[in-house]
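Commentary on secondary and tertiary structure
If you want the building blocks of each chain, they are given just below.
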Amino acid sequence: MTGDRAERARGGSDGDRAGGLHLGVDFMPAVQHAPGVGRYVRELVRALVRRPDAPRLALFEGGLGPRPMEGAPLGFDTLTAAQRAQVARRRVRLPRRGLALLARLGLGAERLVAGSRGSIDLFHRVHARHPPLSGGRHTLALAELPSPGTAADSALGAAARTAAGLIVFDAHFAAQVAARYGLEAARVHVVPVGCDHWERDLAGRAAPRRAPRELVVLGAIRRARHPLRVLAAFEGLVRGGLDARLRFVGRPGDEAAPFEVALGRSPARDRVQWVRAPREAEMPALVAGATALVHLADEEGSAVTPLEACRFGLAIVASDLPAFRAALGSAAHWAPTPEDVHGLTQALAAALEAGADEGGRAMRRRIAAPYTWDASAEAHLVAFRTILMHARDARRAQ
């Protein structure tokens, strides 16, 4: 990008500052889901509205169902009057088929959310097909890819090709997305993820590390996270006489039934806890008090979970994925191949030792320190402006 174009993307010329940007956001995940895309949307909006160059935000909440994250987790109660004036929430209480019908009539989410404030410049969403749009310019955030050749993969490919730009959190993942869906590399924008939310929420509250040393696993009990493999490796620790605890924190997923059977039969069952319905308010202290995080995954395009743990100094055992390597470098203990349960047991033991070392904990906190939601919001704004600039240039060239 030339200097002039880069300056324009930062908002430094021709009046295209963030304050002039009217951004629509699919906000329903933020109020319905504590982890994953819910936390991403919630924290991104929270950071955007607090920036001095905050855009106008039009938050679309379309659909039915409970809204357990309404209230304090959204952070709106701590905004100034000027900041509140930058945010408009538009609730459309219709089932998905009703929203789809409106979109076919020309009233997609990007039209509904604009309301009396006029049209929006860009609509940001986190799901390939929801909320339905009416052809307005939009972006899509991605951190995971479905299995190739599946219906979900086909739907995501179609959504990626119609989006004005994609937002991802790792350079290797960006290249993977572009190659799979036949996109120009310039359409996929890499931004850093934020990981300082639990540290912020824990401020002023003590979270002493628990004894004996504890391993924590975050996320739903799914095959892709290999809970049975982690349990088997932990059993090896117990057989070796190591005094430790293992805590799984996540709702039941596609591996829940066999995991529950294995846990009931496990010789280490008295040292293992499964928190089946985690509460977001309890997560900061729960993670901060652990010694090490175990995070196995088949494919992820964001290192947010390991970075959340690094923010508290925890040692990390993780799958050797490009996004994790890029963020953590040599600070993690890399899990061996799935067949090597003994090797994973050794990695768990090494992490428990490293997690008790104050020098190592300080080093991991330093690694996570740059990954703030403010830095992520700033990078998102640059990406949004760049996407709009390219769209306008393309329109002028026609």
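Residues numbered from 1 in each chain as written. Predicted model: local features only at pLDDT ≥ 70, side-chain atom pairs only at ≥ 80, totals over all residues. Heavy atoms only, no water.

Before going further, it helps to spend a moment on the overall build of the chain. For the chain, the count of helices and strands is 17 helices and 13 strands. Against the globule reference of 21 Å for 398 residues, the chain gives a C-alpha radius of gyration of 22 Å, in line with a compact fold. By principal-axis analysis of the C-alpha atoms, the chain measures approximately 70 × 40 × 40 Å. Residues classed as buried in the chain amount to 53% of the 398 residues present. Only carbon and sulfur atoms are counted for the fraction: they give 53% of the accessible area of the chain, which is about 17,200 Å². (Helix = DSSP H or I, 4+ residues; strand = E, 2+ residues; numbered from the N terminus. Rg over C-alpha atoms; globule rule 2.2 N^0.38 Å. Buried < 20%, exposed > 50% of the residue type's maximum accessible area, 1.4 Å probe, protein only. Areas by Shrake-Rupley, 256 points an atom, 1.4 Å probe, with all protein chains shown as cover.)

Considering all chains together, one arrives at 25 salt bridges under this definition. Of the charged contacts, one joins Arg-51 and Asp-374 as a salt bridge, the two residues approaching to 2.9 Å between their closest N and O atoms. Here Asp-374 lies in helix H17 (residues 373–397) and Arg-51 lies in the loop between helix H3 (36–50) and strand E2 (56–62), a separation of 323 residues in the sequence. A residue is classified by how much of its surface remains accessible, and Asp-374, at 40% relative accessible area, is partly exposed. Linking Arg-279 and Glu-282 is a salt bridge whose minimum nitrogen-to-oxygen distance equals 2.9 Å. Arg-279 gets classed as partly exposed once you look at its relative accessible area, which sits at 48%. (Salt bridge = Lys/Arg side-chain N within 4 Å of Asp/Glu carboxyl O.)

To continue, consider the sheet that holds strand E11 (residues 292–295). Taken in spatial order, the 6 strands make up an open sheet running E10-E9-E8-E11-E12-E13, and their pairing is parallel. In this open sheet, the two edge strands, each paired with only one partner strand, are strand E10 (272–275) and strand E13 (332–334). Mean inter-strand twist for the sheet, computed between neighbouring axes without regard to direction, equals 20°. Two strands pair when backbone bridges link them, and strand E9 (residues 244–249) and E10 are joined in this way by 4 bridges, in the parallel orientation. In the strand pairing of E10, Arg-247 is matched with Gln-273. Packed onto the sheet, helix H10 (residues 227–239) meets strand E8 (213–218), E9, E10 and E11 and runs at close to 170° relative to E9. The strands touched by helix H15 (residues 341–355) are E8, E9, E11, strand E12 (315–318) and E13; relative to E12, the strand with the most contacts, the crossing angle is about 165°. (Pairing = 2+ DSSP bridges. Axes fitted to C-alpha atoms, helices over the stretch in contact; angles between N-to-C directions. Contact = heavy atoms within 4.5 Å.)

Relative to the assigned elements, Glu-300 resides in the loop between E11 and helix H13 (304–310). Through-space distance from the C-alpha of Glu-300 to that of Asp-170 is 9.6 Å; in sequence the pair is 130 residues apart. Ignoring anything within four residues of it in the chain, the contact list for Glu-300 reads Ala-143, Arg-225, His-295, Leu-321, Ala-323 and Phe-324. At 2.9 Å, the side chain of Glu-300 forms a polar contact with the side chain of Arg-225. At 3.2 Å, the side chain of Glu-300 and the side chain of His-295 are in polar contact. (Polar contact = N/O pair within 3.5 Å; in protein donor to acceptor, adjacent residues only side chain to side chain.)

Moving on, we come to unusual backbone geometry. Pro-131 follows His-130 through a cis peptide bond whose omega is -5°. Note on placement: Pro-131 falls in the loop between strand E4 (122–125) and strand E5 (138–141). Phi angles above zero are rare outside glycine, and His-226 is one such case at about 55°. In this fold, His-226 is placed in the loop between E8 and H10.

This part is about the pairing of E8. Each regular strand carries side chains that alternate between the two faces of the sheet. With 5 of 6 residues buried, E8 lies mostly within the body of the structure. Handedness of the β-α-β unit built from E8, H10 and E9 comes out right-handed. Sheet topology places E8 next to E11; 2 bridges connect them, and they run parallel. Note on E11: the bridge partner recorded for Val-216 is Leu-293. (Right-handed = clockwise from strand over helix to strand, strands pointing away.)

Note on placement: Arg-213 falls in strand E8. A relative accessible area of 34% places Arg-213 in the partly exposed class. When neighbours within four sequence positions are excluded, Arg-213 is seen to be in contact with Asp-243, Ala-244, Arg-245, Thr-291, Leu-352, Glu-353 and Ala-356. Here Leu-352 takes part through its backbone oxygen, which lies 3.4 Å from a polar atom of the side chain of Arg-213.

Among the structural elements, Pro-132 can be located in the loop between E4 and E5. When the C-alpha atoms of Pro-132 and Gly-182 are compared, they prove to be 23 Å apart, with 50 residues separating the residues in sequence. Once residues within four sequence positions are removed from consideration, Pro-132 is found in contact with Leu-99, Ala-100, Ala-103, Gly-108, Ala-109 and Arg-125.

A separate point is the confidence of the model for the chain. Taken residue by residue, the chain gives an average pLDDT of 91. The fraction at 70 or more is 93%. In the predicted structure, residues 1–18 sits below a pLDDT of 50 and forms 35 contacts with residues beyond four places in sequence or in another chain. (pLDDT = per-residue confidence, 0-100.)

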